[in-house]
Amino acid sequence: MRDSKAPHYGSLTQILELVKDIDNPKGAVSVLRNTTTITPKIQEALDLATHYHTGQKRKGGAPYITHPICVASIVAFCGGDEAMICASLLHDVVEDTPCELAEVREKFGEDVANLVDALTKITEIRKEELAFDPENPHLLLTALTFRKILVSAIKDPRALVVKVSDRLHNMLTLDALPRNKQIRISKETMAVYAPIASRLGMSSIKNELEDKCFYYVYPHEYQSIQAYLEQSKQALSLKLNQFASKLEKMFYEAGFSEGDFQIATRIKRPYSIYLKMQRKGAVNKDEILDLMAVRVLVKKPLECYKILGIVHLHFKPIVSRFKDHIALPKENGYQTIHTTIFDESNIYEVQIRTFDMHLGAEYGNSAHWKYKAGGVESEHLKWLHNLKYQNEEPKENPKEFYELVQSDVLYREDITVFSPNGDSYTLPAESIVLDFAYMIHSELGDKAEEAFVNNKKANLNEKLKSGDVVKIIKGDKNIPRFTWLNQLRTTRAKNHLKLQRKNQLKEIDAKSMVNILNTIFETPIFGLDIGAKQYLTFEKKLAEHGVEGSLSESIKSIEGIKKLVEQIQEKVREHPRPHHKQEQKQFGFLMKNLMQFKFGRILGLPAPYIGLKKCDLDHFIVYTNPHTQIKQVIFNDCCHPKKGDEIVAVMPSIKDHKVVVHTKLCKNGCEDIDIGLPMVFIAWSKKDREIFKIIIYIGSTKDSLLQILNFLIKNDCSIVRVQYASHGQYSTNCEILFEYTGKKEIGEFKDILTHKYKDRLTEFSSIKDAYQD
């Protein structure tokens, strides 16, 4: 139930029309008085805000104090309590005036002070230094704002209600700003504030925000839809009124009396129509099926189902459009029955709810906003509480945080699935079975072996749909599924896998560092019994010798490796020496490779300075022991690293002078790391890739093309593309794209190629790399 008096004004639209044009404090206070009772504390907050904002003006020229009073009126209309109304009046005094938070705390207590503090921290985001993203210069600002709002509100969700109301009033008065600011603020509002209003159950405010943003961001589309609605208004209203009259007659005949129910009609809002057109691929407004909607309000939940029965008995329902959110409320507490029916070739959406449900759905349930009262957390705000586990590193990846929460916490569409015991769970649309497993418990997600959906065996990455009954079979071992990250839809599952992935990469880095160090020093530093698998022991031994820094951190840069190598040379005094056949036999495959490193050179103490040799190979930079020659980087079929992927380089055989590159999470690569194969430090080259093109006449000889390709390969050219077409006994020109990595200057190589093929070479040019992945 709402815990403040019912609003004096009839609808949110009515109060918004009033506050939109207010340009003086007296008019603003009048609206506030008609919305809520002015208690002594609210009056004191009004006086303090008026004092500190004296002399300040809004962009439109009105005294600034009109803004916080109008925000307080919106908050009061939506059922905000005294503390929220006071915080609304004071939400800018700490940020924009000399007023200190301590003064607010002293005069109004902790409750109001904490709300004002949360609201002030939200606005401080605009002072942070922002990186520039050329693809979307405002995305980082939006992401930072988004995170700041949600994280600040975890302690008290009421701050969200005030902030959303604040943004709504700003949107009402956006005409005073230049066009570029109107678009930027509208896009931010659409991405951040409208979804938050939706999750708070404040659908009226969400709708108003979306329509205002739509008006500024897509003015042409807005005007087009608005013109259509104006043109069709009379016809649509006539149909709606006739349908409502039919319903009213049916309800009376079924035993309902006047005052037992209320029928309201509406035509879909402009932004809602626009979204429908985008989703359905509709080319015009007439293709939108359910432009007309009717809402029936009754007194008791049981009467909702009686109304539903009457509607379905008289009109054919579209079964796929039926949703019962009374039996299965949305996570934000939304409760309404939705059904769509046919009547005389017209389609109507019918919503059925109680009067109390209506207030909660339109303006938010204020009882839920105080979810910590008495130590009880509201089910409808657990989504906000769960953000705590997403914010372990608040200064990192704001865009990633934004994308994760957008796809999970603030998703627009959801589905309801069930456990075998009948417990219901709300998930984002297109969630997979593994999302459900992690929703139950993180351990169940980690150890999920198989699943059954509706009693049929299903894959763990199978998409779920509303109404599915899901059973998860748990195994004994953790099964990493990092490659499924993009298939998952819930933040909980994604974050858990990302944390697992981070921990596994840290372990792989530490193991790789052990092998790289042993390769650099050409012998196991702490003996054959302390290899890559014993990286914790290895790290402990280094610490005992006074070597600083962790293995997993050192491998992140060549500077870190050099520093670690220098410390080992200086502080680790003794190295074990291999003892003939018995130890060699125990060492197995690794020993065969290490023997090729000429142990004789380093059977004593390490040289004063080992140093590292840098090699530029293809698209890679390799650092290794000065005595080791690396001539080629090759790939196995097990994984296919792309530029930018995290990679490792293993040396299967020293004689071949080759290293094999794997992605860090490649199963085969991890096996090579575990058995202790020699490794080198490898990184992607930062130099730009340059592609060259030649057009050459092949001639009539069948193997001419093969000879040319062989010549290019022998001269350190990597073939990118070959285009060649033969017409019967005649041949045409062949276009070959290649990357040159040879030691000669490209001009010198061009002279060699021109001399060899003389008149057959018709073009040799450099092109930009349009073929790089």
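Look a little higher up for the structure.
Every value quoted in this text rests on a predicted model; they were computed, and no experiment measured them. Along each chain, residues carry numbers from 1 onward, in the same order as the chain's sequence is written. Restriction of local features to residues with pLDDT of at least 70 applies here, the model being predicted, together with a cutoff of 80 or more for giving and counting side-chain atom pairs; totals for whole chains, interfaces and linings are based on all residues. To get the side-chain values, all heavy atoms of the structure are used, and hydrogens and water are removed first.

Brief notes about the sheet that holds strand β16 (residues 658-663)
Strand pairing is assigned whenever DSSP identifies at least 2 bridges connecting the two strands. Where helices and strands are cited, they refer to DSSP runs of H or I of at least four residues and of E of at least two residues respectively, numbered from the N terminus. Pairing is mixed across the open sheet formed by six strands, whose spatial order is β12-β13-β17-β15-β16-β14. Two strands lie at the open edges of the sheet, namely β12 (613-617) and β14 (632-635), each paired on one side alone. With direction set aside, neighbouring strand axes in the sheet form an average angle of 30°. Across the sheet, helix α21 (residues 491-521) touches β13 (620-624), β15 (647-650) and β17 (679-684), and the angle it forms with β17 is around 115°. To obtain each axis, a line is fitted to C-alpha atoms, and for helices this fit is confined to the stretch in contact; angles are then taken between N-to-C directions over 0 to 180 degrees. The criterion used for residue contact is that any of the two residues' heavy atoms lie within 4.5 Å.

Looking at the sheet that holds strand β10 (residues 456-458)
Spatial ordering of the open sheet is given by β10-β9-β11, a layout of three strands whose pairing is antiparallel. In the strand order of this sheet, the two ends are held by β10 and β11 (470-474), each with one partner. Each adjacent strand pair in this sheet contributes to an overall mean axis angle of 35°, direction not counted. When strand β9 (residues 448-453) meets β10, the two strands line up antiparallel, connected through three bridges. Bridge pairing in β10 links Ala451 to Ala458. Lying over the sheet, helix α19 (residues 433-440) contacts β9 and β11, oriented at roughly 75° with respect to β11.

Some details on a nonpolar patch on the surface
A patch consists of residues whose relative accessible area exceeds 30% and which take part in no salt bridge; residues with like charges are grouped when within 9 Å of each other, and nonpolar side chains (Val, Leu, Ile, Met, Phe, Trp, Tyr) when within 5 Å. Areas reported as accessible are Shrake-Rupley estimates using a 1.4 Å probe. Residue values count occlusion only from the protein chains shown. Only one rule defines a salt bridge in this text: a Lys or Arg side-chain nitrogen within 4 Å of an Asp or Glu carboxyl oxygen. Residues Ile713, Ile719, Val722 and Tyr724 make up a contiguous nonpolar surface patch of about 310 Å² in total accessible area. In terms of residue count, strand β19 (residues 717-727) provides more of the nonpolar patch than any other element does, three residues in total. We call a residue buried when its accessible area falls under 20% of the maximum for its residue type, exposed when it is over 50%, and partly exposed in between, using a 1.4 Å probe and counting protein chains only. The exposure class assigned to Ile713 is partly exposed, which follows from its relative accessible area of 49%.

Side note on helix α3 (residues 40-52)
Over its 13 residues, α3 runs 19 Å from end to end, which matches the ideal 18 Å to within 8%, given 1.5 Å per residue. Turning to α3, its buried residues number three or more, namely Ile42, Ala45, Leu46, Leu48, Ala49 and Tyr52. Each buried residue of α3 sits inside an arc of 165° when the element is viewed along its axis, so together they form one side. The exposed set on the far side of α3, more than 90 degrees from its buried face, consists of Pro40 and His51. Helix span, as expected, comes to 1.5 Å for every residue beyond the first. Each direction from the helix axis to a C-beta atom contributes to the arc, which is the arc of those directions.

Digging into the pairing of strand β6 (residues 346-354)
By the criterion of burial, β6 is predominantly enclosed, with nine of the nine residues buried. Residues Asn346, Tyr348, Val350, Ile352 and Thr354 line one face of β6 and the alternating positions Ile347, Glu349, Gln351 and Arg353 line the opposite face, and both faces are buried. The pairing of strand β2 (residues 292-298) with β6 spans seven bridges and is classified as parallel. Its bridge partner being in β6, Leu297 is matched across the sheet by Arg353. Relative to β6, strand β5 (residues 337-343) is paired through seven bridges, and the arrangement is antiparallel. Residue Phe342 lies in a different strand from β6, and its bridge partner there is Ile347.

A closer look at the side chain of Asn515
You can see Asn515 is positioned in helix α21. Residue Asn515 is classed as buried on the basis of its relative accessible area of 3%. Nitrogen and oxygen atoms within 3.5 Å of one another constitute a polar contact, given that in protein one can donate a hydrogen and the other can accept it, and given that sequence-neighbouring residues count only through two side-chain atoms. In terms of polar contacts, Asn515 uses its side chain to reach the backbone carbonyl oxygen of Ile673, at 3.0 Å.

Examining helix α15 (residues 355-363)
Within the span of α15, buried status applies to Met357, His358, Gly360, Ala361, Glu362 and Tyr363. Gly364 occupies a position one or two residues after α15 and carries a positive phi of about 90°.

Focus: the packing of aromatic side chains
Put simply, two rings from Phe, Tyr or Trp (the six-membered ring, in Trp's case) pair if the centres are within 6.5 Å, and we call them stacked under 30 degrees between planes, edge-to-face over 60, tilted for the rest. With the rule as written, the count across this model stands at 26 aromatic pairs. Ring plane angle 85° and centroid distance 6.2 Å describe the contact between Phe256 and Phe261, whose orientation is recorded as edge-to-face. Just as Phe256 is buried, Phe261 falls in that class too. Taken together, the ring pairs connect Phe214, Tyr215, Tyr216, Tyr218, Tyr222, Tyr271 and Tyr274 into an aromatic cluster. In this scheme, the term charge over a ring applies when either NZ of a lysine or CZ of an arginine sits within 6 Å of the ring centre and within 35 degrees of the ring normal. For the cation-ring pair, Lys306 lies above Phe256, with the distance from its terminal atom to the ring centre recorded as 5.0 Å. Over the aromatic face of Tyr334 sits the side chain of Lys330, whose NZ or CZ is 5.3 Å from the ring centroid.

Description of the side chain of Ser554
Structurally, the position occupied by Ser554 is in helix α23 (residues 551-554). Taking the relative accessible area as the measure of exposure, Ser554 reaches 8% and is therefore buried. Within the structure, Ser554 has its side chain in polar contact with the backbone oxygen of Ser550 (distance 2.8 Å). When neighbours within four sequence positions are excluded, Ser554 is seen to be in contact with Met513, Gly560, Ile561 and Leu564.

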